[in-house]
Amino acid sequence: MLMNDEKRGIEEAYTSAMTSSNLRVEADRPSDADVIIAAGWNQSRIGGALLRLHTEWDASEKPRMASFEHFLPSLKTGTPKERKVRAHAMAHQHNLHEMGILLGKLKALPDVRREATMQAMKWGMGQSMDPITRSERSEVRAHDAQMLKRLREAVANAGPECLDDRNAELVSATEEVNARRRAEEAEDREHCSEKAIAVIRWWLSQSCPVCQGTKFQVVEGTHRHNGKACGKCHGTGCSEIPHDQEGRRLAGWFDQCVERARASIGRRLRPGRMEA
Ligand SMILES: [Zn+2]
């Protein structure tokens, strides 16, 4: 069932890409040509790329993550509590930045991010959940459809003396509408790409950033535990998956791809088993 749905999704993307007139591979934005390149990717290959990514990650030198105490002395204003909150935020920003630099060095990352973004697009994760944005978008679409309908009727009813003009109007309006749809898609893709990288980051390193996976609170200024459960992860030692349900769905898909890749590697290593 899942296989069929997936196949259909890929085929749809492929067909729409094939019929598109713009098949140049553009460096600065994902184009239809990228869809065709990516259509050759199956779950097993994506799983292989994820495995390579994890291996690269494991082998890489991790930067030491900064704690809020690192930034506290530089803050001179505000109450102690305010300073602590700000120092935590600064540490978080700093660590994200360091993580970004590290991720940028992983060679398997662009493939994994592209595939995860495609999958998120297929699941509609790029569309804003904000009701105002959503209704604005459907209003624009309804308006566009009305406009094109009116211009098509004008072409149909045009006499020979003004047919060229009516045709030209329809062509330029169609281009305008297509550009709006492409802009929407680019916006959705941007959202999906951001979600994909957040989930990839989590998938690579799932330990709690505060207790580093030790599950306990650390006594300020020391490396000793005080025996109480970490306040951030409530003693699980794990960081929270980003983007809730969508994040869980993507991470589950990563695991599934990895499983497929492992199964396919297994089949290649034990060819005799298949015949038995
Ligand atoms: Zn923790």
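In what follows, the structure referred to is the one given above.
Structural notes, computed from the coordinates. Treat the numbers as computed from the prediction; the structure is a model and nothing was measured.

### Describing the overall build of the protein chain
- Along its length, the protein chain carries 10 helices and two strands.
- Counting from the amino terminus, helix and strand elements in the protein chain follow one another as α-α-α-α-α-α-α-α-β-β-α-α.
- When contacts within the protein chain are restricted to residue pairs at least 6 apart in sequence, those whose partners lie at least 24 apart make up 62%.

### Quick notes on unusual backbone geometry
- Even without a glycine there, the phi angle at H243 is positive, about 65 degrees.
- Assignment of secondary structure puts H243 in the loop between strand 2 (225-229) and helix 9 (244-269).
- Phi at D244 takes a positive value of approximately 45 degrees, unusual for a residue other than glycine.
- Summarising the element assignment, D244 is placed in helix 9.
- Among the residues examined, D244 registers 9 C-beta atoms within 10 Å and is labelled exposed.

### Considerations on the pairing of strand 2
- The buried fraction of strand 2 is low, at zero of five residues.
- As paired strands, strand 1 (residues 216-218) and strand 2 are joined by two bridges and run antiparallel to one another. Looking at strand 2, one finds that V218 is bridged to H225.

Thresholds applied
- Residues numbered from 1 in each chain as written.
- Predicted model: local features only at pLDDT ≥ 70, side-chain atom pairs only at ≥ 80, totals over all residues.
- Helix = DSSP H or I, 4+ residues; strand = E, 2+ residues; numbered from the N terminus.
- Contact = placed C-beta atoms within 7 Å.
- Buried ≥ 20, exposed ≤ 12 C-beta atoms within 10 Å, placed from the backbone.
- Pairing = 2+ DSSP bridges.

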